[in-house]
Amino acid sequence: MLPPRRVRRFTGPLLVVALVAAVLLLPVLVLVAAVASVWLPGHWRGLRLLCFALLYLALQVAGLVAAGALWVLSGFGRRLTAPRSRAAHYTVLRLLLDALMRAAQRLFALRLVTDGASWSPLDDGLPGSTNAMVVLSRHAGPGDSFLLVHTLMDRDHLRRPRIVLKDVLQLDPMIDVYLNRLPNHFVPADPAGGYSSEEAIAGLARDLGDEDALLIFPEGANFTARRRTRAIQRLRDRGLLAAVRRAEEMRHVLPPRPAGVAAALRAAPHADVVFVAHTGLEHLNTPRDVWRGLPMDKALHLRWWFVPAADVPRDPGEQVDWLYRWWETIDAWVDATPAAEGDGARVQPEADRALPG
């Protein structure tokens, strides 16, 4: 399996300094945030963002301290890959993410609405999986990774996620430390040399256990209109005219890239598949967007579709068509769902098990 490409770990000490400085300057920061809130939309947006930023810094520092303790307990790093050490890292991550998501929901008055039924095996009578799982998600907004990983790890699902994500995210010290100690793959910005991402994804999928979930974002990047145009042009340049026509009809998603998905499903034919759609975060693509457009007092919608391993096509051509049909289903769901609205939440009576179309 391809080892993740590491970035320089200089942000950890900076976070500690930032937290100390924020505590010392707290009265000034509160005053500035209160004054800024007068001109910002929403109720006390500046103060809410300040509280969330301080909590995020505190959780980062606490996570790094816990990671140091786990490193010592693992024999100063000699047994970091042992099952007990990995289980401890997943537990710490789950607790940190739970605290972060609870704080976000309280500070910004956000509600998470799951449309349709959950795939949780703990819910009697609902479709679920006790097998290994490959999770294929829409990619829209910087918060979707946190939201999905938290959901996979919560008490209802208790999965150990393996994630395929961009290596620039290693600039976050907690992501850098924890995810490099656990089985994950960071996609390098420059793919030249070494193993391909498809080989790395196959390596992650090959030994998926019953409690594991491999999380992939087949679009490869957050949705924007410009990226959609570029993705369609790439398909056109490759002469994939049928894919171009289908991609042009999807207004809310990028056309999926089938290579990584095919590698995962080929390496883990025993794994069930879950497709995920969400809406409410797609307009947050930059720090400026977060500052000006953070959803407050609203609902975020999440939708799961469960596909048993036996229903996953194995022929490469059929698999590409199957993936596009599911992405068309996700696009239609996003189009029909009120994005980030607090009222009128549409809850479907049951989850779809059959293939779309």
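The present account deals with the structure reproduced in this document. (Residues numbered from 1 in each chain as written. Predicted model: local features only at pLDDT ≥ 70, side-chain atom pairs only at ≥ 80, totals over all residues. Heavy atoms only, no water.)

Time to look at the packing of aromatic side chains. Aromatic ring pairs are defined here through the distance separating the ring centres and the angle between the ring planes. This structure, assessed with the given rule, holds 7 aromatic pairs. Ring centres of Phe 275 and Trp 327 lie 6.4 Å apart, and the angle between their planes is 70°; this geometry places the pair in the edge-to-face category. Taken together, the residues span a long stretch of sequence, with Phe 275 in strand S6 (residues 272-279) and Trp 327 in helix H12 (residues 316-336) at a distance of 52 residues. According to the relative accessible area criterion, Phe 275 is buried, its value standing at 0%. (Phe/Tyr/Trp six-rings, centres within 6.5 Å; stacked < 30°, edge-to-face > 60°. Helix = DSSP H or I, 4+ residues; strand = E, 2+ residues; numbered from the N terminus. Buried < 20%, exposed > 50% of the residue type's maximum accessible area, 1.4 Å probe, protein only.)

A grouping of Val 16, Val 20, Leu 24, Leu 25, Val 28 and Val 32 is seen on the molecular surface, where their side chains present a nonpolar patch of about 550 Å² in accessible area. Of all elements in the fold, only helix H1 (11-24) and helix H2 (26-39) reach the threshold of two or more residues within the nonpolar patch. Examining the composition of the nonpolar patch, we find that 3 residues originate from one element, H1, more than from any other. With respect to the secondary-structure elements, Val 16 resides in helix H1. Classification of Val 16 by relative accessible area gives partly exposed; the value is 40%. (Patch = residues over 30% accessible without salt bridge, like charges linked within 9 Å, V, L, I, M, F, W, Y side chains within 5 Å. Areas by Shrake-Rupley, 256 points an atom, 1.4 Å probe, with all protein chains shown as cover. Salt bridge = Lys/Arg side-chain N within 4 Å of Asp/Glu carboxyl O.)

A contiguous patch of positive charge on the surface is contributed by Lys 166, Arg 226, Arg 230, Arg 234 and Arg 257. It is helix H8 (residues 225-237) that provides the largest number of residues to the positive patch, a total of 3 residues. (Lys, Arg positive; Asp, Glu negative; His and termini not counted. Charge placed at Lys NZ, Arg CZ, Asp CG, Glu CD.)

With that settled, the discussion passes to the sheet that holds strand S2 (residues 133-137). Ordered in space as S1-S7-S6-S2-S5-S3-S4, the 7 strands form an open sheet in which the pairing is mixed. Of all strands in the sheet, those bounded by a partner on one side alone are strand S1 (111-115) and strand S4 (185-187). The average angle at which neighbouring strand axes cross in this sheet is 20°, direction not considered. Relative to strand S7 (residues 299-307), S1 runs parallel, the two being bridged by 5 bridges. Paired with Arg 111 across the strands is Ala 299, a residue of S7. Across the sheet, helix H5 (residues 144-153) touches S1, S2, strand S3 (160-166), strand S5 (212-216), S6 and S7, and the angle it forms with S7 is around 55°. (Pairing = 2+ DSSP bridges. Axes fitted to C-alpha atoms, helices over the stretch in contact; angles between N-to-C directions. Contact = heavy atoms within 4.5 Å.)

For the structure on display, the rule yields 1 cavity of 30 Å³ or more. What the largest cavity holds in volume is close to 40 Å³. When residues of the lining of the largest cavity are assigned to their parent elements, the largest contribution, 3 residues, is made by helix H4 (residues 83-107). In the lining of the largest cavity, the residues fall into 6 nonpolar, no polar and no charged. (1 Å grid on protein atoms, 1.4 Å probe; cavity = no way out; pocket = protein on both sides within 12 Å on 5 of 7 lines; lining within 4 Å. Points joined across faces, edges and corners; volume = space filled by probe spheres on them. Nonpolar A, V, L, I, M, F, W, Y, C, P; charged D, E, K, R; others polar.)

For the structure shown, the criterion picks out 10 salt bridges. Asp 98 is paired through a salt bridge with Arg 102; the nearest N and O atoms lie 2.8 Å apart. With Asp 98 and Arg 102 both in helix H4 and 4 residues apart, this pair spans about one turn of that helix. For Arg 251, the salt bridge is made with Asp 335, and the minimal N-O distance between the two is 2.3 Å. A residue pair is termed long-range when its members are at least 10 positions apart, and Arg 251 in the loop between helix H9 (241-249) and helix H10 (258-267) and Asp 335 in helix H12 qualify at 84 residues. You can call Asp 335 partly exposed: its relative accessible area is 43%.

Running from N to C, H9 and H12 cross one another at 15°; their axes reach a closest spacing of 10 Å. Regarding the angle of H9 to H12, the classification is roughly parallel. Crossing hand, H9 versus H12: left-handed. In this structure, H9 uses Ala 243, Arg 246 and Glu 249 to contact H12, whose residues at the interface are Asp 321, Tyr 324, Arg 325, Glu 328 and Asp 331. Of the residues in the contact of H9 with H12, the class split is 2 nonpolar, no polar and 6 charged. (Parallel < 35°, antiparallel > 145°, perpendicular 65-115°, else oblique. Left-handed = near helix turned anticlockwise from the far one by under 90°.)

Glancing now at the nonpolar core. The biggest cluster of nonpolar side chains holds 39 residues, and the ones touching the most others in it are Leu 136, Leu 214, Ile 216, Val 273, Phe 275, Trp 322 and Trp 327. A total of 8 residues in this core trace back to one element, the largest contributor, which is H12. With sequence-adjacent residues up to four places away left out, Leu 136 is seen in contact with Ile 216, Pro 218, Val 261, Val 273, Val 274, Phe 275, Val 276, Leu 323 and Trp 327. Residues Val 92, Leu 97, Leu 148 and Leu 215 belong to the second largest nonpolar core, which totals 34 residues. (Core = buried A, V, L, I, M, F, W, Y, C linked by side-chain atoms within 4.5 Å.)

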